[in-house]
Amino acid sequence: MKLLKTLLTLFILLMLFACSKDENDVKLPGIANNKNKNLTSVYPEAARLEFPRLKGGQSILLVHRTNDKYGVNFCTEWDTQKKSQRWSCYQMHDGNYGGNVGRYQEGYPYDDQLDYANYFTLGDGTPFDPFWNSGYDHGHICPSADRQYTKEANRQTFFLTNMQPQRNVFNAGVWAAMEQQVRNWNRGAFRDTLYVCKGGTIDRSDQISRTLANGLIVPKYFFMAVLCKNKSGYKALAFWIEHKDKDSDYPKDNSGNYQLGIYVTNIRELETLTGIDFFCNLDDETEDHVETLGVENIKSAWGVK
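Residues numbered from 1 in each chain as written. Predicted model: local features only at pLDDT ≥ 70, side-chain atom pairs only at ≥ 80, totals over all residues. Heavy atoms only, no water.

Student: It is not clear to me how the overall build of the protein should be interpreted in this structure. Could you clarify?
Tutor: Each helix and strand counted, the protein has six helices and 11 strands in total. Buried residues in the protein amount to 48% of all 305 residues. Accessible surface, the protein as shown: approximately 15,400 Å² in total, 51% of it carbon and sulfur. (Helix = DSSP H or I, 4+ residues; strand = E, 2+ residues; numbered from the N terminus. Buried < 20%, exposed > 50% of the residue type's maximum accessible area, 1.4 Å probe, protein only. Areas by Shrake-Rupley, 256 points an atom, 1.4 Å probe, with all protein chains shown as cover.)

Put into C-alpha coordinates, the structure is as follows:
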(Lines give C-alpha, C1' and ligand atoms only; values in the text may rest on other atoms or scores of the structure.)
Protein backbone atom coordinates (compact mmCIF):
# COMPACT_ATOMS: atom_id res chain seq x y z
CA MET A 1 0.00 0.00 0.00
CA LYS A 2 2.84 2.39 0.86
CA LEU A 3 4.48 1.71 -2.51
CA LEU A 4 1.17 2.30 -4.30
CA LYS A 5 0.72 5.67 -2.55
CA THR A 6 4.27 6.68 -3.49
CA LEU A 7 3.71 5.79 -7.13
CA LEU A 8 0.39 7.64 -7.14
CA THR A 9 2.05 10.78 -5.68
CA LEU A 10 4.80 10.67 -8.32
CA PHE A 11 2.18 10.31 -11.06
CA ILE A 12 0.25 13.35 -9.81
CA LEU A 13 3.41 15.47 -9.61
CA LEU A 14 4.37 14.49 -13.16
CA MET A 15 0.91 15.42 -14.42
CA LEU A 16 1.01 18.80 -12.68
CA PHE A 17 4.43 19.53 -14.18
CA ALA A 18 3.26 18.57 -17.65
CA CYS A 19 0.13 20.72 -17.42
CA SER A 20 2.11 23.73 -16.19
CA LYS A 21 4.38 23.81 -19.26
CA ASP A 22 3.63 26.36 -21.93
CA GLU A 23 2.19 24.60 -24.96
CA ASN A 24 4.67 26.46 -27.13
CA ASP A 25 7.52 24.65 -25.38
CA VAL A 26 6.30 21.34 -26.78
CA LYS A 27 7.57 20.49 -30.26
CA LEU A 28 5.00 18.24 -31.87
CA PRO A 29 5.44 16.89 -35.40
CA GLY A 30 3.17 18.58 -37.93
CA ILE A 31 2.04 21.35 -35.58
CA ALA A 32 3.23 24.94 -36.13
CA ASN A 33 5.10 26.26 -33.10
CA ASN A 34 5.14 29.98 -32.41
CA LYS A 35 6.50 31.53 -29.24
CA ASN A 36 6.15 35.20 -30.18
CA LYS A 37 2.74 35.41 -31.85
CA ASN A 38 0.31 38.15 -30.86
CA LEU A 39 -2.28 37.48 -28.21
CA THR A 40 -5.69 38.08 -29.72
CA SER A 41 -8.04 38.38 -26.75
CA VAL A 42 -8.18 42.18 -27.10
CA TYR A 43 -7.42 42.58 -30.81
CA PRO A 44 -8.45 39.48 -32.83
CA GLU A 45 -7.17 41.14 -36.02
CA ALA A 46 -3.62 40.98 -34.64
CA ALA A 47 -3.42 37.32 -35.71
CA ARG A 48 -3.09 38.40 -39.36
CA LEU A 49 0.30 37.83 -41.00
CA GLU A 50 1.01 41.49 -41.78
CA PHE A 51 1.15 42.29 -38.07
CA PRO A 52 4.29 42.80 -36.04
CA ARG A 53 4.15 42.02 -32.35
CA LEU A 54 2.04 44.63 -30.56
CA LYS A 55 3.95 46.86 -28.18
CA GLY A 56 1.16 47.18 -25.63
CA GLY A 57 1.45 49.57 -22.69
CA GLN A 58 0.57 53.09 -23.81
CA SER A 59 0.05 51.94 -27.42
CA ILE A 60 -3.33 51.00 -28.87
CA LEU A 61 -4.44 49.40 -32.13
CA LEU A 62 -6.69 51.22 -34.58
CA VAL A 63 -8.48 48.81 -36.92
CA HIS A 64 -9.93 50.42 -40.05
CA ARG A 65 -12.66 48.47 -41.81
CA THR A 66 -14.80 49.15 -44.85
CA ASN A 67 -18.52 48.44 -45.00
CA ASP A 68 -18.24 45.99 -47.86
CA LYS A 69 -16.80 42.58 -48.69
CA TYR A 70 -13.21 43.72 -48.13
CA GLY A 71 -13.34 43.87 -44.33
CA VAL A 72 -10.08 45.05 -42.73
CA ASN A 73 -8.56 47.88 -44.78
CA PHE A 74 -5.43 48.56 -42.70
CA CYS A 75 -4.42 48.77 -39.05
CA THR A 76 -2.28 51.28 -37.16
CA GLU A 77 -0.42 51.09 -33.87
CA TRP A 78 -0.83 54.42 -32.11
CA ASP A 79 1.30 55.56 -29.19
CA THR A 80 -1.05 57.58 -27.00
CA GLN A 81 1.75 59.29 -25.05
CA LYS A 82 3.91 60.22 -28.04
CA LYS A 83 0.76 61.04 -30.05
CA SER A 84 2.28 59.34 -33.04
CA GLN A 85 1.75 56.27 -35.10
CA ARG A 86 4.46 53.63 -34.99
CA TRP A 87 3.36 51.71 -38.07
CA SER A 88 0.49 50.83 -40.36
CA CYS A 89 0.08 47.33 -41.78
CA TYR A 90 -2.11 45.90 -44.52
CA GLN A 91 -2.52 43.20 -47.17
CA MET A 92 -2.30 43.39 -50.96
CA HIS A 93 -3.94 40.62 -53.02
CA ASP A 94 -6.32 40.02 -55.92
CA GLY A 95 -9.31 40.94 -53.77
CA ASN A 96 -8.16 44.54 -53.22
CA TYR A 97 -5.91 44.95 -56.27
CA GLY A 98 -6.71 47.61 -58.85
CA GLY A 99 -9.56 50.08 -58.94
CA ASN A 100 -9.36 53.76 -59.75
CA VAL A 101 -11.64 55.72 -57.46
CA GLY A 102 -9.09 58.56 -57.26
CA ARG A 103 -7.62 60.36 -54.27
CA TYR A 104 -9.82 61.67 -51.52
CA GLN A 105 -9.98 65.44 -52.00
CA GLU A 106 -11.34 66.80 -48.71
CA GLY A 107 -8.25 67.15 -46.58
CA TYR A 108 -7.15 64.93 -43.73
CA PRO A 109 -10.12 63.76 -41.64
CA TYR A 110 -9.82 63.04 -37.95
CA ASP A 111 -9.80 59.35 -37.08
CA ASP A 112 -13.00 58.84 -35.09
CA GLN A 113 -11.53 55.71 -33.44
CA LEU A 114 -9.13 57.90 -31.48
CA ASP A 115 -10.16 59.84 -28.37
CA TYR A 116 -9.32 63.54 -28.54
CA ALA A 117 -7.22 63.15 -25.39
CA ASN A 118 -4.79 60.97 -27.35
CA TYR A 119 -4.18 63.51 -30.11
CA PHE A 120 -3.07 67.14 -30.47
CA THR A 121 -5.72 69.48 -29.09
CA LEU A 122 -6.35 73.19 -28.69
CA GLY A 123 -7.07 74.86 -25.38
CA ASP A 124 -10.76 74.03 -25.67
CA GLY A 125 -9.96 70.34 -26.18
CA THR A 126 -10.71 70.13 -29.89
CA PRO A 127 -8.13 68.38 -32.12
CA PHE A 128 -5.97 70.23 -34.64
CA ASP A 129 -3.74 69.19 -37.51
CA PRO A 130 -0.09 69.53 -36.37
CA PHE A 131 1.26 69.10 -39.92
CA TRP A 132 -0.05 72.37 -41.32
CA ASN A 133 2.63 75.05 -41.78
CA SER A 134 5.25 72.70 -40.33
CA GLY A 135 7.39 72.40 -43.46
CA TYR A 136 6.54 68.68 -43.66
CA ASP A 137 4.15 66.74 -45.86
CA HIS A 138 1.36 64.56 -44.57
CA GLY A 139 3.28 61.39 -45.40
CA HIS A 140 0.90 58.48 -45.95
CA ILE A 141 2.05 55.21 -44.40
CA CYS A 142 -0.68 53.07 -45.95
CA PRO A 143 -0.66 54.84 -49.35
CA SER A 144 -3.68 56.27 -51.10
CA ALA A 145 -2.53 54.56 -54.31
CA ASP A 146 -2.66 51.14 -52.59
CA ARG A 147 -6.30 51.63 -51.71
CA GLN A 148 -8.12 52.58 -54.91
CA TYR A 149 -10.80 49.88 -54.85
CA THR A 150 -13.46 51.90 -52.96
CA LYS A 151 -13.88 55.53 -51.97
CA GLU A 152 -14.30 54.55 -48.34
CA ALA A 153 -11.03 52.61 -48.32
CA ASN A 154 -9.20 55.51 -49.93
CA ARG A 155 -10.67 58.08 -47.54
CA GLN A 156 -9.44 56.09 -44.55
CA THR A 157 -5.84 56.36 -45.79
CA PHE A 158 -6.12 60.12 -45.27
CA PHE A 159 -6.81 59.80 -41.55
CA LEU A 160 -4.31 61.85 -39.54
CA THR A 161 -3.40 58.67 -37.66
CA ASN A 162 -2.03 57.20 -40.92
CA MET A 163 0.40 60.11 -41.38
CA GLN A 164 4.05 60.75 -40.52
CA PRO A 165 5.82 64.07 -41.21
CA GLN A 166 8.04 63.80 -44.29
CA ARG A 167 10.07 66.31 -46.26
CA ASN A 168 8.48 66.74 -49.69
CA VAL A 169 11.66 65.73 -51.53
CA PHE A 170 11.62 62.46 -49.59
CA ASN A 171 7.85 61.86 -49.73
CA ALA A 172 7.53 62.59 -53.44
CA GLY A 173 10.93 61.13 -54.32
CA VAL A 174 12.64 58.02 -53.02
CA TRP A 175 9.79 57.04 -50.65
CA ALA A 176 7.29 57.22 -53.51
CA ALA A 177 9.66 55.08 -55.60
CA MET A 178 9.73 52.44 -52.84
CA GLU A 179 5.95 52.47 -52.64
CA GLN A 180 5.71 52.05 -56.40
CA GLN A 181 8.11 49.13 -56.24
CA VAL A 182 5.81 47.41 -53.74
CA ARG A 183 2.89 48.00 -56.12
CA ASN A 184 4.95 46.49 -58.94
CA TRP A 185 5.23 43.34 -56.83
CA ASN A 186 1.48 43.33 -56.29
CA ARG A 187 0.58 41.17 -59.27
CA GLY A 188 -0.67 37.64 -59.51
CA ALA A 189 2.44 36.33 -61.27
CA PHE A 190 4.53 37.39 -58.26
CA ARG A 191 2.35 36.83 -55.20
CA ASP A 192 -0.74 35.27 -53.76
CA THR A 193 -0.63 37.92 -51.00
CA LEU A 194 1.74 40.67 -49.93
CA TYR A 195 1.81 41.49 -46.23
CA VAL A 196 3.13 45.01 -45.65
CA CYS A 197 4.15 46.92 -42.51
CA LYS A 198 5.57 50.46 -42.77
CA GLY A 199 6.40 53.30 -40.45
CA GLY A 200 8.85 55.82 -39.08
CA THR A 201 11.11 55.68 -36.03
CA ILE A 202 9.63 57.28 -32.91
CA ASP A 203 10.99 55.25 -29.98
CA ARG A 204 14.71 56.06 -29.69
CA SER A 205 16.06 59.59 -29.30
CA ASP A 206 18.90 58.93 -31.77
CA GLN A 207 16.31 57.87 -34.36
CA ILE A 208 14.23 61.05 -34.10
CA SER A 209 15.15 63.91 -36.39
CA ARG A 210 13.41 66.53 -34.28
CA THR A 211 10.28 67.21 -32.27
CA LEU A 212 8.30 70.28 -33.38
CA ALA A 213 7.12 72.92 -30.92
CA ASN A 214 3.60 71.48 -31.08
CA GLY A 215 4.93 68.02 -30.09
CA LEU A 216 4.92 66.34 -33.50
CA ILE A 217 7.75 63.79 -33.77
CA VAL A 218 9.74 63.78 -37.02
CA PRO A 219 11.31 60.34 -37.64
CA LYS A 220 14.95 60.20 -38.69
CA TYR A 221 14.39 56.87 -40.45
CA PHE A 222 11.57 55.17 -42.30
CA PHE A 223 11.10 51.50 -43.00
CA MET A 224 9.08 48.96 -44.95
CA ALA A 225 8.78 45.25 -44.15
CA VAL A 226 7.21 43.15 -46.92
CA LEU A 227 6.31 39.47 -46.75
CA CYS A 228 5.32 37.63 -49.94
CA LYS A 229 3.31 34.42 -49.98
CA ASN A 230 3.20 32.54 -53.28
CA LYS A 231 3.07 28.97 -54.55
CA SER A 232 6.71 28.45 -53.52
CA GLY A 233 6.14 29.53 -49.92
CA TYR A 234 7.26 32.76 -48.23
CA LYS A 235 9.98 35.35 -48.74
CA ALA A 236 10.59 38.69 -47.05
CA LEU A 237 12.37 41.98 -47.70
CA ALA A 238 12.96 45.17 -45.74
CA PHE A 239 13.77 48.74 -46.69
CA TRP A 240 15.52 51.02 -44.16
CA ILE A 241 16.20 54.59 -45.22
CA GLU A 242 17.27 57.85 -43.59
CA HIS A 243 14.89 60.78 -43.86
CA LYS A 244 16.95 63.57 -45.46
CA ASP A 245 16.26 67.07 -46.73
CA LYS A 246 17.89 66.85 -50.18
CA ASP A 247 16.93 64.60 -53.06
CA SER A 248 20.56 64.57 -54.19
CA ASP A 249 21.36 62.50 -51.09
CA TYR A 250 19.60 59.52 -52.69
CA PRO A 251 21.70 58.00 -55.52
CA LYS A 252 20.15 57.32 -58.93
CA ASP A 253 21.26 55.19 -61.85
CA ASN A 254 22.05 56.46 -65.34
CA SER A 255 18.35 56.38 -66.22
CA GLY A 256 17.44 58.61 -63.28
CA ASN A 257 15.89 55.82 -61.20
CA TYR A 258 16.57 55.62 -57.47
CA GLN A 259 18.96 52.82 -56.56
CA LEU A 260 16.61 51.12 -54.11
CA GLY A 261 18.94 48.18 -53.55
CA ILE A 262 21.06 50.42 -51.34
CA TYR A 263 18.29 50.42 -48.74
CA VAL A 264 17.50 46.69 -48.74
CA THR A 265 18.17 44.66 -45.62
CA ASN A 266 16.70 41.54 -44.07
CA ILE A 267 13.90 41.50 -41.54
CA ARG A 268 16.12 40.42 -38.66
CA GLU A 269 18.36 43.47 -39.14
CA LEU A 270 15.30 45.72 -39.36
CA GLU A 271 14.08 44.26 -36.09
CA THR A 272 17.43 45.10 -34.49
CA LEU A 273 17.26 48.66 -35.82
CA THR A 274 13.65 49.34 -34.83
CA GLY A 275 13.02 47.08 -31.83
CA ILE A 276 9.88 45.81 -33.62
CA ASP A 277 9.22 42.07 -34.05
CA PHE A 278 7.88 41.81 -37.61
CA PHE A 279 5.73 38.97 -38.98
CA CYS A 280 5.54 37.45 -35.52
CA ASN A 281 2.50 35.32 -36.42
CA LEU A 282 4.47 33.10 -38.78
CA ASP A 283 5.45 29.77 -37.28
CA ASP A 284 8.94 29.98 -35.78
CA GLU A 285 10.70 27.87 -38.40
CA THR A 286 9.31 29.86 -41.35
CA GLU A 287 9.87 33.17 -39.57
CA ASP A 288 13.51 32.38 -38.87
CA HIS A 289 14.11 31.31 -42.46
CA VAL A 290 12.57 34.31 -44.21
CA GLU A 291 13.98 36.87 -41.77
CA THR A 292 17.65 35.86 -41.91
CA LEU A 293 18.33 35.49 -45.63
CA GLY A 294 21.40 37.36 -46.87
CA VAL A 295 20.89 40.73 -48.52
CA GLU A 296 22.23 39.71 -51.95
CA ASN A 297 19.94 36.67 -51.96
CA ILE A 298 17.02 38.92 -51.03
CA LYS A 299 17.76 41.31 -53.89
CA SER A 300 17.91 38.40 -56.32
CA ALA A 301 14.67 36.87 -55.07
CA TRP A 302 12.83 40.19 -55.32
CA GLY A 303 14.52 41.54 -58.46
CA VAL A 304 15.98 44.63 -56.79
CA LYS A 305 19.28 46.16 -57.98
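Student: Explain helix α4 (residues 267–274) to me, please; I cannot follow it from the model alone.
Tutor: Note: α-helices contain 3.6 residues per turn, so residues at a spacing of three or four share the same orientation. Among all positions in α4, only Ile267, Leu270, Glu271 and Thr274 are buried. Looking straight down α4, one finds that the buried residues subtend no more than 105° of arc, so they occupy a single side. Packed against the buried residues of α4 are β9 (221–230), β10 (233–242), β11 (264–265) and α5 (284–291). Among the residues trailing α4, Gly275 stands out with phi positive, at a value near 75°. (Arc of directions from axis to C-beta. Contact = heavy atoms within 4.5 Å.)

Student: When you look at empty space enclosed by the protein in this model, what are you seeing that I'm missing?
Tutor: In this approach the atoms are scanned with a rolling probe the size of a water molecule, which exposes any empty space left behind. Across all of its chains, the model carries two cavities of 30 Å³ or more by this definition. Empty space within the largest cavity amounts to approximately 60 Å³. Forming the walls of the largest cavity are 13 residues, and the residues nearest its centre are Lys83, Ser84, Phe131, Met163 and Leu216. Mapped by element, the contributors of at least two residues to the lining of the largest cavity are β3 (84–93) and β5 (163–166). Among the elements that make up the lining of the largest cavity, the one with the highest residue count is β5 (three residues). In the lining of the largest cavity, the residues fall into nine nonpolar, three polar and one charged. Taken as a whole, the second largest cavity spans an internal volume of roughly 50 Å³. (1 Å grid on protein atoms, 1.4 Å probe; cavity = no way out; pocket = protein on both sides within 12 Å on 5 of 7 lines; lining within 4 Å. Points joined across faces, edges and corners; volume = space filled by probe spheres on them. Nonpolar A, V, L, I, M, F, W, Y, C, P; charged D, E, K, R; others polar.)

Student: Just to check I follow, could you spell out unusual backbone geometry for this structure?
Tutor: For residues that are not glycine, phi is negative in most cases, and the peptide bond is trans in most cases. Of note, Lys83 is a non-glycine position whose phi angle comes to about 55°, a positive value. Here Lys83 shows up in the loop between β2 (72–79) and β3. Positioned with a positive phi, Asn133 is a non-glycine residue whose angle comes to about 60°. Relative to the assigned elements, Asn133 resides in the loop between β3 and β4 (137–140).

Student: What is the right way to read the environment of Pro109 from this model?
Tutor: Here Pro109 lies in the loop between β3 and β4. Along the primary structure Pro109 and Leu160 are separated by 51 residues, whereas in three dimensions their C-alpha atoms are 6.5 Å apart. Among residues more than four places away in sequence, those in contact with Pro109 are Tyr104, Arg155, Phe158, Phe159 and Leu160.

Student: How should the packing of α4 against α5 be read in this particular structure?
Tutor: The relative placement of two packed helices comes down to the angle between their axes together with the axis-to-axis distance. For the pair α4 and α5, the least separation of the axes is 7 Å and the interaxial angle reads 90°. What the angle tells us is that α4 and α5 run roughly perpendicular. Every residue of α5 that contacts α4 at Ile267, Arg268 and Glu271 is listed here: Glu287, Asp288 and Glu291. (Axes fitted to C-alpha atoms, helices over the stretch in contact; angles between N-to-C directions. Parallel < 35°, antiparallel > 145°, perpendicular 65-115°, else oblique.)

Student: What's the story with helix α6 (residues 295–302) in this structure? I'm lost.
Tutor: Among all positions in α6, only Ile298, Lys299 and Trp302 are buried. Angular distribution of buried residues about the axis of α6 spans 100°; they occupy a single face of the element. Set apart from the buried face of α6 by more than 90 degrees, the exposed residues are Glu296 and Ser300. The elements touched by buried residues of α6 are α3 (168–185), β9, β10 and β11. At the C-terminal side of α6, Gly303 shows a positive phi close to 70°.

Student: Help me understand the sheet that holds strand β1 (residues 59–65) in this model?
Tutor: The pairing of strands in a sheet comes from backbone hydrogen bonds and takes either a parallel or an antiparallel form. Spatially, β1-β2-β3-β6-β9-β10-β11 is the arrangement adopted by the seven strands of the open sheet, whose pairing is antiparallel. Both outer strands of the open sheet, β1 and β11, are each paired with one neighbouring strand and no more. Across 10 bridges, β9 lies against β10 in antiparallel orientation. By the bridge assignment, Val226 is partnered in β10 with Leu237. Against the sheet, α6 engages β9, β10 and β11, with an angle of about 110° to β10. (Pairing = 2+ DSSP bridges.)

Student: Just to check I follow, could you spell out the pattern of salt bridges for this structure?
Tutor: Pairing between side chains becomes possible if they bear opposite charge and their charged atoms approach one another. Scanning the model with the defined rule gives 16 salt bridges in all. We note a salt bridge from Glu179 to Lys198, for which the minimum N-O separation is 2.8 Å. In this pair, Glu179 sits in helix α3 while Lys198 sits in strand β6 (residues 193–200), placing the two residues 19 residues apart along the sequence. Glu179 sits in the buried class, given a relative accessible area of 9%. Accessibility expressed as a relative area gives 1% for Lys198, which makes it buried. One salt bridge connects Arg268 with Asp288, and the closest N-O pair in it is separated by 3.5 Å. A residue pair is termed long-range when its members are at least 10 positions apart, and Arg268 in helix α4 and Asp288 in helix α5 qualify at 20 residues. Assessed through its relative accessible area of 32%, Arg268 is described here as partly exposed. (Salt bridge = Lys/Arg side-chain N within 4 Å of Asp/Glu carboxyl O.)

Any link to function would need more than the numbers given here.
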